[in-house]
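Coordinates in review
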Amino acid sequence: MGKREENAQKTRVAILETADRLIAERGYEQISVAEITRTAGVAKGTFYNYFEKKEDLICALYHSHFEVLNTGIDALVAGDACSGLRAYLEGFADVVVQADVMQARAWVRYMLLPQDGRSKWEDDADALGALLQGLRDHGRLVHDAPVDAFAVMLMTHIYGIIFLWTIHPKRTVRQEVQDFCRLHLHALLAPYLPA
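A short note on the overall build of the chain
Counting secondary structure elements, the chain contains 10 helices and zero strands. Secondary structure elements of the chain occur, N-terminal to C-terminal, as α-α-α-α-α-α-α-α-α-α. Along the longest, intermediate and shortest principal axes, the C-alpha atoms of the chain span 60 × 45 × 25 Å. Of all 195 residues assigned to the chain, the portion counted as buried reaches 44%. Of the contacts formed within the chain by residues at least 6 apart in sequence, a portion of 71% connects residues at least 24 apart. When the accessible surface of the chain is summed, it comes to about 10100 Å², and 54% of that surface belongs to carbon and sulfur atoms. Across the chain, the 21 positively charged side chains and the 26 negatively charged ones have centroids separated by 6 Å.

Points about the pattern of salt bridges
Counted according to the given criterion, the structure contains eight salt bridges. When the shortest N-O distance is used, the salt bridge between R21 and E25 registers 3.6 Å. Within this pair, R21 and its partner E25 are both found in helix α1 (residues 3-26), separated by four residues, close to a single helical turn. Look at R21 and you get partly exposed, because its relative accessible area is 39%. A relative accessible area of 49% means that E25 is categorised as partly exposed. Here D94 ties to R174 by a salt bridge, and the two come within 2.5 Å at their closest N and O atoms. With D94 in helix α6 (residues 81-99) and R174 in helix α10 (residues 173-189), this pair connects stretches of sequence that are 80 residues apart.

Overview of the packing of aromatic side chains
Summed over all chains, the structure comprises seven aromatic pairs. Arranged with centres 4.5 Å apart and planes meeting at 40°, the rings of F66 and F92 form a pair that is tilted. Taken together, the residues span a long stretch of sequence, with F66 in helix α4 (residues 55-71) and F92 in helix α6 at a distance of 26 residues. In terms of burial, F66 and F92 fall into one category: buried. When the centroid spacing of 5.0 Å and the interplanar angle of 85° are considered together, the rings of W121 and Y159 count as edge-to-face. A residue pair is termed long-range when its members are at least 10 positions apart, and W121 in helix α8 (residues 120-137) and Y159 in helix α9 (residues 147-167) qualify at 38 residues. Given the relative accessible area of 21%, W121 is considered partly exposed.

Here's the deal with unusual backbone geometry
Excluding glycine, most residues fall at negative phi; most peptide bonds, likewise, are trans. For D100, which is not a glycine, the phi torsion comes out positive at approximately 95°. You can see D100 is positioned in the loop between α6 and α7 (101-110). Here D100 falls in the partly exposed class, since its relative accessible area comes to 31%.

Description of the nonpolar core
Ranked by size, the top nonpolar core spans 61 residues in total, and within it L85, Y88, F92 and L128 carry the most contacts. If you list the elements that add at least two residues to this core, you get α1, α2 (33-40), α4, α6, α7, α8, α9 and α10. Non-local contacts of L128, meaning those with residues more than four positions away in its chain, are made with L85, Y88, L89, A151, L154 and M155.

Conventions used here
- Residues numbered from 1 in each chain as written.
- Predicted model: local features only at pLDDT ≥ 70, side-chain atom pairs only at ≥ 80, totals over all residues.
- Heavy atoms only, no water.
- Helix = DSSP H or I, 4+ residues; strand = E, 2+ residues; numbered from the N terminus.
- Buried < 20%, exposed > 50% of the residue type's maximum accessible area, 1.4 Å probe, protein only.
- Contact = heavy atoms within 4.5 Å.
- Areas by Shrake-Rupley, 256 points an atom, 1.4 Å probe, with all protein chains shown as cover.
- Lys, Arg positive; Asp, Glu negative; His and termini not counted.
- Charge placed at Lys NZ, Arg CZ, Asp CG, Glu CD.
- Salt bridge = Lys/Arg side-chain N within 4 Å of Asp/Glu carboxyl O.
- Phe/Tyr/Trp six-rings, centres within 6.5 Å; stacked < 30°, edge-to-face > 60°.
- Core = buried A, V, L, I, M, F, W, Y, C linked by side-chain atoms within 4.5 Å.

This is the structure:
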């Protein structure tokens, strides 16, 4: 990577980190592009070299927060299906909680709106679907396990927990995800586990 590309990457990261912090402090709606760029120490026009509009920040922040979790999917297919799915779902909850409720509120608002033709819902269901497909490919689930249907069902439940948390921040997202996994995950997967 050349010096120019390195500087561009640093500028993009500075904008994202500043936006992330400001959203956590005051909420997405209460900050402006001008405030983000001023706080990041870059010109307002520089913002538009990286993002077409303010809403694009949400998608970029969401992807950056979930990058580590999603790159770890390959490792989760090595164990049994319930353990891999539990680790992913609990990790998903951890990322959301660590980002804070103000960030989650912005994500909830924009996660269903298409960005570049795709919604965050599709990205999240696809990531979970990739884990389920990996489990099926590695023989942890039977060959006819309905991975797409499972991905939609599980992600819908997790989204519901997150949505409720954005309304009632005293709820415990990770505990609710753990309870769901403990009480329901094995029963849901049982017909599709190899004998």
